Amino acid sequence: MSELSRHKRYAVRTGAAGLAALGLTLATACGTPPGEGSEEEGESAGLAEDPQFVWAVTGADRQVHEEVARLWNERNPDRQVDIFFLAPTADEQRQAMFQDLQSQAGEFDVLGLDVIWTGEFADYGYIESLEDLRSEVDGVSLDGAVDSAQWQQELYALPYSSNGAFLYYRTDLVDEPPATWEELYETGTEAAEEAGISGYVGQGDQYEGLVVNFLELYWSAGGELFDDAQSQSTFLEGDAATTALDFMTEAYDSGFYAEGFDSMVEDDARALFQAGEAVYMRNWPYAIPLLEGEGGEESAVADDFAVAPLPTFTGEGTTSALGGLNNAVSTLSENKDLAREFVLWAATDPEAQDILATNSLPPTMQSAYEDTEDPHLEVLGEILGDAHARPPVPGYNSMSLVMQENLHAAYLGQEDPAAALEAVDRSADEALEQE
Amino acid sequence: MAKTQSVSTRRGLGERAMGRIFLAPSFAFMAVIALFPVFYAIGMSLYSIRGFHQEFTGFDNYARVLTDAGFFNAVGNTLVFTVASVSLEFVVGMAFALIMHQAFVGRGLTRAVILVPWVIPTAVAAQVWRYMFDHNPGFVNSVLGTDVNWLRDPAWSMVGIISADVWKTAPFVALLLLAGLQTIPKDYYEAARVDGATVVQRFWFITLPLLRPAIVVALLFRTVDALRMFDFAYVFAGYSNSLATLSVYAQRFLVAEPELGYANALSTVTFVIVMIVGLAFISRMGRHMVGDVARKEK
């Protein structure tokens with residue numbers, strides 16, 4: 001090979017090696033992988049000229065939270081609040097609040113926490129105890145909502161908004177909503193065959209929604225995840241766990257669950273039901289206006305659906321998992337008294353809670369459900385009265401991830417059911433551990 | 001050689017020293033941007049961090065990594081994904097590059113079309129692929145006439161993300177290889193043709209050897225990238241063990257189960273794995289270069 005071409009090759013290689021080294025360094029430099037999608041950090045609502053404290057809350061249902069804050073500002077012109085809107089998805093909200101707290105930035109005074117985060121935030125030392133405010137909300141807020149705001153019998157947050165599940169059913173295909181899960185299965189299978197559609201849609205993907213769907217079956221079979229003192233797991237006591245899992249496995253195998261149930265989230269289910277493709281649907285209240293065809297939504301079932309409480313295995317009562325938000329006070333807040341006052345006000349002021357009700361975001365004050373004229377709200381009041389809080393233990397998220405993995409594989413027949421349930425039991429015990 | 005060096009010394013700084021001075025700012029920049037976070041992460045990995053409670057625990061987190069079945073599952077997933085996707089991307093990319101290198105009518109358009117997937121952001125591409133694989137509406141199944149649970153069957157979902165990744169990054173490999181192809185002088189092919197070499201022989205004895213630097217760079221980039229893969233696995237299956245790669249698994253302890261110490265230990269181990277693989281590639285290139293320099297100095 002000539003001297004010239006060797007030189008050229010050398011140059012190519014040097015360049016290539018340099019480039020490669022640079023690429024490698026940049027590629028591996030970040031100790032943490034990139035998050036999903038956008039890096040949107042949220043934004044201030046700019047509600048006050050001279051805000052005294054900041055309320056960090058989900059960007060979902062933004063105008064409702066804004067209206068609540070405006071009402072506070074109107075009444076407290078010297079002590080105004082500003083809202084910092086977080087991303088609408090739960091994981092991103094939690095991450096944003098963790099960043100604010102862990103980095104000691106302390107921008108947020110009031111934290112709008114998902115009902116399952118109480119234990120974790122309390123255990124991490126992120127939020128103040130509000131135990132002395134218990135008497136203000138006992139009997140005023142929904143019992144389930146208060147349950148979700150405490151960890152180890154101590155109150156760390158106050159209820160703000162709630163959520164519960166409806167059983168949506170097709171009035172043109174079934175006469176009466178079922179009282180038991182067996183009845184639901186039988187009537188649903190029959191009606192689905194006649195109409196040539198699917199029996200049931202719900203949340204079967206491997207995510208928090210699956211845990212909620214499973215727990216509703218589990219609780220309605222008489223199960224409880226922990227003993228009263230939240231000191232150990234009682235997941236496997238009785239036969240609630242196997243009853244619930246067997247029901248799901250059979251419903252999946254027999255095709256009662258619609259095709260694609262195993263990757264279905266709330267809006268997938270809603271879309272199928274709205275297109276007239278299913279007899280029953282388990283979903284949150286948000287679907288009602290869409291199914292009714294409000295705002296130009298196309299709906300095949302606008303006049304043919306109704307809502308009822310979810311059935312149980314015994315036919316008695318109903319069980320729904322409780323959703324919603326609790327407000328807590330950050331330990332880094334420089335305005336704790338004001339923050340506490342706001343948290344209490346948002347939980348117990350009838351006018352503030354009424355803003356939620358009129359915007360179809362379920363409020364947590366019991367009085368909001370009494371003598372209401374909205375039939376859906378009335379049913380919801382009945383459901384929320386019996387609703388179960390997912391236990392807000394510190395390791396809830398780890399436990400939930402284990403449940404997602406094992407239960408999903410188990411009802412699809414990819415994992416031995418007994419082994420799956422034992423794994424869940426172990427994770428429930430681990431979720432209680434504190435360091 | 002010795003003479004030129006003494007001359008330059010007399011003038012002041014030597015060429016080497018000048019070079020170092022010129023390199024210093026960019027090196028400092030790299031150190032701040034790249035090295036600081038790495039060492040910071042390694043430092044954090046020695047702590048157990050739960051919110052405001054943190055405690056120095058030495059190498060406990062690393063001991064936990066080595067006994068964590070979830071971690072080894074992630075290593076397995078990552079290796080399967082990397083080997084399968086990089087080899088397929090190489091074959092497909094090579095084919096694309098050879099096609100694009102030919103002179104034919106519409107060559108410009110073909111090049112543009114082949115590059116389209118590479119231009120689409122991975123997160124967006126992942127969403128689109130997920131939708132196509134989904135049971136509802138079941139696009140892929142109806143095209144292939146199959147009834148496969150693409151998103152939730154552990155084996156098939158791996159096939160799913162590998163094919164999506166090949167679609168996405170084969171054009172990138174093609175681009176790198178095309179650049180390499182264009183540096184090969186035409187004369188060699190002409191000479192080979194005069195000597196009666198067949199197409200296969202020309203490819204095997206001229207194209208491949210001369211393309212070697214470009215191939216190594218392409219494989220290095222793709223391997224390192226595939227080892228860090230996050231988007232497709234996360235969009236397809238979230239934190240599910242069936243697809244969790246090393247990046248997804250580390251992210252799980254950063255966001256879903258926030259234990260910053262353990263997350264950083266996982267990231268550090270991932271970093272070390274990627275670094276070893278990367279250095280293995282670079283040293284292969286490096287040895288030849290050192291050889292060249294050594295011969296020259298004789």
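What you are looking at is a predicted structure, and each value in this text was computed from that prediction instead of being measured.

Scoring rules and cut-offs
Residues numbered from 1 in each chain as written. Chains lettered and ligands numbered in written order. Predicted model: local features only at pLDDT ≥ 70, side-chain atom pairs only at ≥ 80, totals over all residues. Pairing = 2+ DSSP bridges. Helix = DSSP H or I, 4+ residues; strand = E, 2+ residues; numbered from the N terminus. Axes fitted to C-alpha atoms, helices over the stretch in contact; angles between N-to-C directions. Parallel < 35°, antiparallel > 145°, perpendicular 65-115°, else oblique. Left-handed = near helix turned anticlockwise from the far one by under 90°. Contact = placed C-beta atoms within 7 Å. Domains from an automatic or database assignment. Buried ≥ 20, exposed ≤ 12 C-beta atoms within 10 Å, placed from the backbone.

**Q** Describe the sheet that holds strand β9 (residues 198-201) of chain A, listing the residues and the values that go with them.
**A** Residues and elements named next belong to chain A. Across the sheet, which stays open at both edges, the four strands sit in the order β9-β10-β8-β11 with mixed pairing between neighbours. Every interior strand has two partners, whereas the edge strands, β9 and β11 (305-308), have only one. Neighbour-to-neighbour, the strand axes of the sheet open up by a mean angle of 15°, direction not taken into account. As paired elements, strand β8 (residues 166-170) and β11 share four bridges and run antiparallel to each other. Each residue of the ladder has a partner; that of Tyr-168, found in β11, is Val-307.

**Q** Requested: an account of the environment of Leu66(B), with residues and values cited.
**A** Looking at the secondary structure, you find Leu66(B) in helix α3 (residues 60-66). For Leu66(B) and Leu266(B), which are 200 residues apart along the polypeptide, the C-alpha to C-alpha distance reads 9.9 Å.

**Q** Can you lay out the packing of helix α8 (residues 154-182) of chain B against helix α10 (residues 199-227) of chain B for me, pointing to particular residues and giving the numbers?
**A** Relative orientation and spacing of two packed helices are given, respectively, by the angle between their axes and the distance between those axes. Residue and element names in this part refer to chain B. Direction vectors running N to C along α8 and α10 enclose 160°, while the axes themselves pass 8 Å from each other. With respect to α10, the element α8 is oriented roughly antiparallel. Read as a crossing pair, α8 and α10 show a hand that is right-handed. Residues Thr-169, Val-173, Leu-176, Leu-177, Ala-179, Gly-180 and Leu-181 of α8 lie in contact with α10, whose contacting residues are Leu-211, Pro-213, Ala-214, Ile-215, Val-217, Ala-218 and Arg-222.

**Q** Explain the domain arrangement of chain A residue by residue, including any values.
**A** All names here are of chain A. Entries for chain A in the domain assignment read domain 1 (43-163 + 323-381) and domain 2 (166-321 + 395-432). Here domain 1 and domain 2 have C-alpha centroids that lie 28 Å from each other. When residues of the side of domain 1 that touches domain 2 are traced back to their parent elements, those giving at least two are α4 (118-123) and α14 (375-385). By residue number, the principal contributor to the side of domain 1 that touches domain 2 is α14, which donates three residues.

**Q** How would you explain unusual backbone geometry if you had to name every residue and give the values?
**A** Residue and element names in this part refer to chain A. Unlike most non-glycine residues, Gln-104 shows phi in positive territory, near 65°. Tracing the backbone shows Gln-104 in the loop between α3 (90-102) and β4 (110-114). Positive phi is not limited to glycine here, since Gln-153 has a value of about 60°. Tracing the sequence through the fold places Gln-153 in the loop between β5 (150-151) and β6 (154-155). Assessed through the 10 C-beta atoms surrounding it within 10 Å, Gln-153 is described here as exposed.

**Q** Could you give an account of the pairing of strand β12 (residues 323-329) of chain A, naming the residues involved and the relevant values?
**A** All names here are of chain A. The element β12 is extensively covered by neighbouring structure, given that seven of its seven residues are classed as buried. Of the two faces of β12, the one holding Gly-323, Leu-325, Asn-327 and Val-329 and the one holding Gly-324, Asn-326 and Ala-328 are both buried throughout. Bridge analysis of β4 against β12 gives five bridges, and the strand direction is antiparallel. Within the sheet, the bridge partner assigned to Leu-113 lies in β12 and is Asn-326. Judged from the five bridges that link them, strand β7 (residues 158-163) and β12 form a sheet pairing that is antiparallel. Paired with Leu-158 across the strands is Asn-327, a residue of β12.

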